[in-house]
Amino acid sequence: ARDLGGLPAADGRRVRRGVLFRAGALGRLSDDDVTRLAEAKLGHVLDLRDGTEIGAAPADRLPVDPAPRVHHVPVADPDDPVFRYVSAVLMGHDVTGYAPVDGSPGAMTAIYRWMVEDARARAGFAAAVRVIVDAGGEPLLFHCSAGKDRTGWLTAVLLSVLGVAPAVIAAD
């Protein structure tokens with residue numbers, strides 16, 4: 001997990017530290033990791049995975065004092081063969097016969113297109129942004145399975161809204 005704070009934004013400002021964190025799934029955290037998350041005093045955890053992803057992975061390990069409110073806003077299409085393929089890759093399953101596209105690069109390109117073009121994906125990201133806004137500045141961590149695709153896209157959207165330059169977002 002990492003803090004998105006500190007990046008330069010518009011008008012010489014910086015993204016505030018200790019408010020927005022991004023991560024991959026939280027099911028494999030060590031006890032020390034959970035202790036460090038507790039230090040962030042998370043008020044909210046926003047999970048972008050759908051129910052099948054959540055069910056196939058170890059349960060998220062979260063701090064208990066304070067215990068964050070967990071929001072599930074799935075941004076996925078579990079019926080899409082590309083998502084099933086990527087889930088199989090992430091879970092270390094045999095992917096023979098899964099790929100509807102030319103391997104992982106093709107699958108990722110299809111998912112990135114889906115995140116931008118599909119009305120359900122856009123609605124999911126909009127709902128995620130509303131959860132973040134409604135958190136009112138309380139520390140919030142958002143994640144998906146790997147913490148790089150959906151989490152990365154949501155990060156790019158948020159940093160754009162906060163006035164971070166596209167080149168800085170791409171470097172991050």
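Refer to the structure above for everything that follows.
Just so we're clear, the structure is a prediction, and the values are computed from it rather than from any experiment.

Reading the values: rules and limits
Residues numbered from 1 in each chain as written. Predicted model: local features only at pLDDT ≥ 70, side-chain atom pairs only at ≥ 80, totals over all residues. Heavy atoms only, no water. Helix = DSSP H or I, 4+ residues; strand = E, 2+ residues; numbered from the N terminus. Rg over C-alpha atoms; globule rule 2.2 N^0.38 Å. Buried < 20%, exposed > 50% of the residue type's maximum accessible area, 1.4 Å probe, protein only. Contact = heavy atoms within 4.5 Å. Pairing = 2+ DSSP bridges. Polar contact = N/O pair within 3.5 Å; in protein donor to acceptor, adjacent residues only side chain to side chain. Axes fitted to C-alpha atoms, helices over the stretch in contact; angles between N-to-C directions. Parallel < 35°, antiparallel > 145°, perpendicular 65-115°, else oblique. Left-handed = near helix turned anticlockwise from the far one by under 90°. Nonpolar A, V, L, I, M, F, W, Y, C, P; charged D, E, K, R; others polar.

Caption draft 1: Just the overall build of the protein, in detail. On a plain count of helices and strands, the protein comes out with seven helices and five strands. The helix and strand sequence of the protein, counted from the amino end, reads β-β-α-β-α-β-α-α-α-β-α-α. For 172 residues, the compact-globule estimate of 2.2 N^0.38 gives 16 Å, and the C-alpha radius of gyration of the protein, at 16 Å, lies within 12% of that figure. Taken over 172 residues, the protein has a buried fraction of 40%. Restricting the contact set of the protein to residue pairs at least 6 apart, pairs at least 24 apart contribute 69%.

Caption draft 2: Local environment of the pairing of strand E3 (residues 44-47). Burial along E3 is two-sided: His44 and Leu46 and Val45 and Asp47, pointing in opposite directions, are all buried. With four bridges connecting them, E3 and strand E4 (residues 69-72) associate as parallel partners. Its bridge partner being in E4, His44 is matched across the sheet by Arg69. Inspection of the sheet shows E3 paired to strand E5 (residues 140-143) by four bridges, in the parallel sense. When the bridges of E5 are listed, Asp47 appears paired with His143.

Caption draft 3: Representation of the side chain of Glu53 in the model. With respect to the helices and strands, Glu53 occurs in helix H2 (residues 51-56). For Glu53, a relative accessible area of 10% puts it in the buried group. At 3.0 Å, the side chain of Glu53 and the side chain of Ser145 are in polar contact. In this structure Glu53 touches Ala76, Ser87, Ser145 and Arg150, once residues within four positions along its chain are discounted.

Caption draft 4: Molecular detail of the packing of helix H5 (residues 119-134) against helix H6 (residues 150-161). Relative to each other, H5 and H6 sit at 60°, their axes nearing to 11 Å. Between H5 and H6, the angle falls in the class oblique. Judged by the twist between their axes, the crossing of H5 over H6 is right-handed. For the pair formed by H5 and H6, the contact residues are Phe125, Ala128, Val129 and Ile132 on the first element and Arg150, Trp153, Leu154, Val157 and Leu158 on the second. Residue composition of the contact of H5 with H6, by class: eight nonpolar, no polar and one charged.

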